[in-house]
Amino acid sequence: MKIDFTGKKAIVCGGSRGIGKAIAMGIAEAGGDVSICARDVATLGQTKAELAKHGHKVHVASVDLAKGDAVRGYVKEAVAALGGLDVLVNNASAFGSTDDDKGWTSSLQIDMLAIVHATQEALPALQKSKGNVINISSISAHHPAARQPPYGAIKAAVIHYTVTQAAMYAKDLVRVNCIAPGSIEFPGGVWDRRKSDNPTLYNGTLKSIPFGRMGLPEEVANVALFLASSQASWVTGQTIAVAGAQGL
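Undergrad: Please clarify how the side chain of Asp-111 should be interpreted in this entry.
TA: Mapped onto the secondary structure, Asp-111 falls in helix α4 (residues 101-129). Here Asp-111 falls in the buried class, since its relative accessible area comes to 1%. In terms of polar contacts, Asp-111 uses its side chain to reach the side chain of Ser-93, at 2.7 Å. At 3.2 Å, the side chain of Asp-111 forms a polar contact with the side chain of Lys-155. The residues contacting Asp-111, other than those within four sequence positions of it, are Ala-92, Ser-93, Ala-94, Phe-95, Ser-106, Tyr-151, Ile-154, Lys-155 and Val-158.

Undergrad: What exactly am I supposed to notice about the environment of Ile-3 here?
TA: Positionally, Ile-3 belongs in the segment before β1 (9-13). On the accessibility criterion, Ile-3 (22% relative accessible area) is partly exposed. In sequence terms Ile-3 and Gly-26 are 23 residues apart; their C-alpha atoms lie 9.7 Å from each other. Once you skip the residues sitting within four places of it in the chain, Ile-3 turns out to touch Ala-30, Leu-225, Phe-226, Ser-229 and Gln-231.

Undergrad: Would you mind showing me how to read empty space enclosed by the protein here?
TA: Over the atoms rolls a probe the size of a water molecule, and in doing so it shows where empty space is left. Evaluation of the coordinates by the stated rule reveals one cavity of 30 Å³ or more. The volume enclosed by the largest cavity comes to roughly 50 Å³. At three residues, α4 tops the list of elements feeding residues into the lining of the largest cavity. By residue class, the composition of the lining of the largest cavity is six nonpolar, two polar and no charged.

Undergrad: Even after reading the chapter, I still don't get helix α5 (residues 149-169), so can you show me in this structure?
TA: Since one α-helical turn is 3.6 residues long, residues separated by three or four positions face the same way. Taking 1.5 Å per residue as the helical rise, α5 with its 21 residues ought to reach 30 Å, and the 30 Å between its terminal C-alpha atoms agrees with that figure. Within α5, the full set of buried residues consists of Pro-150, Tyr-151, Gly-152, Ile-154, Lys-155, Val-158, Ile-159, Tyr-161, Thr-162, Gln-165, Ala-166 and Tyr-169. Here the buried face of α5 lies against α4, β5 (132-136), β6 (175-181) and β7 (239-242).

Undergrad: Please explain the packing of aromatic side chains as it appears in this structure.
TA: The geometry of an aromatic ring pair is captured by the separation of the ring centres together with the interplanar angle, meaning the angle of the planes. Using the criterion set out here, one finds two aromatic pairs in the structure. On the basis of an interplanar angle of 20 degrees and a centroid distance of 5.7 Å, the ring pair of Phe-95 and Tyr-151 is categorised as stacked. Here Phe-95 is found in the loop between β4 (87-90) and α4, whereas its partner Tyr-151 is found in helix α5, with 56 residues between them in sequence. By relative accessible area, which is 42% here, Phe-95 ends up partly exposed. Overall, the relative accessible area of 9% leaves Tyr-151 in the buried class.

Undergrad: For this particular structure, what's the right way to read the pairing of β4?
TA: Each regular strand carries side chains that alternate between the two faces of the sheet. Burial along β4 is two-sided: the residues Val-87 and Val-89 and Leu-88 and Asn-90 are all buried. In the sheet, β1 pairs with β4 via four bridges, with the strands oriented parallel. By the bridge assignment for β4, Cys-13 is matched with Asn-90. Bridge count for β4 against β5 is four bridges, and the pairing is parallel. Each residue of the ladder has a partner; that of Val-87, found in β5, is Asn-132. With α4 bridging β4 and the parallel β5, this β-α-β connection has right-handed handedness.

How each quantity is defined
Residues numbered from 1 in each chain as written. Predicted model: local features only at pLDDT ≥ 70, side-chain atom pairs only at ≥ 80, totals over all residues. Heavy atoms only, no water. Helix = DSSP H or I, 4+ residues; strand = E, 2+ residues; numbered from the N terminus. Buried < 20%, exposed > 50% of the residue type's maximum accessible area, 1.4 Å probe, protein only. Polar contact = N/O pair within 3.5 Å; in protein donor to acceptor, adjacent residues only side chain to side chain. Contact = heavy atoms within 4.5 Å. 1 Å grid on protein atoms, 1.4 Å probe; cavity = no way out; pocket = protein on both sides within 12 Å on 5 of 7 lines; lining within 4 Å. Points joined across faces, edges and corners; volume = space filled by probe spheres on them. Nonpolar A, V, L, I, M, F, W, Y, C, P; charged D, E, K, R; others polar. Expected span 1.5 Å × (residues − 1). Phe/Tyr/Trp six-rings, centres within 6.5 Å; stacked < 30°, edge-to-face > 60°. Pairing = 2+ DSSP bridges. Right-handed = clockwise from strand over helix to strand, strands pointing away.

Laid out in structure tokens, this is it:
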């Protein structure tokens, strides 16, 4: 089965590193045009250069996804730059961990409301192309999250909203699916940092994964590419865990 995105246009919110970058790179490798956003300008520039090596259109923007107007403005700009839209990936996360106003507000704004704002702004273009949306949640949505109450609760809301979106947009032939990754490690990511600043947590989490290792961003991206492709034309409203049996 060959996944081909030739002529397709995709937006990846939170696409400069980790899972988002892997998804954007996979789409570009398969022939698609890609727009990514994140906050860090330097990282965006590096990822833009890597994406451009595939010879397709690349658009990037520095965006604070906690601000609704900024999210809507970015999506509008990206759709114009790409000349349409077939795939929207909502990947950004605040990784809210503290059980206080700051933790809850950042999680709600970035992990949840950014999905609402981006999808609503993208919907006319997706209706035109009969495209699809992929939301990134977490297996933390399925279990108690004592270390990070806001993160787990909001990621659970993402899964619920995904099903709701799928039901709302089915009449327009717009598909909406979700991926719930387990612990994913990449340079500069959360688990890469925990390896040095909290080895007890890192090693304890590692031991809890039956496959005996952390996941890779590319392993999540492979599922996202399938869901975004025409091979998944009859799949909507689903959440797929990519976790190496973690949490089972």
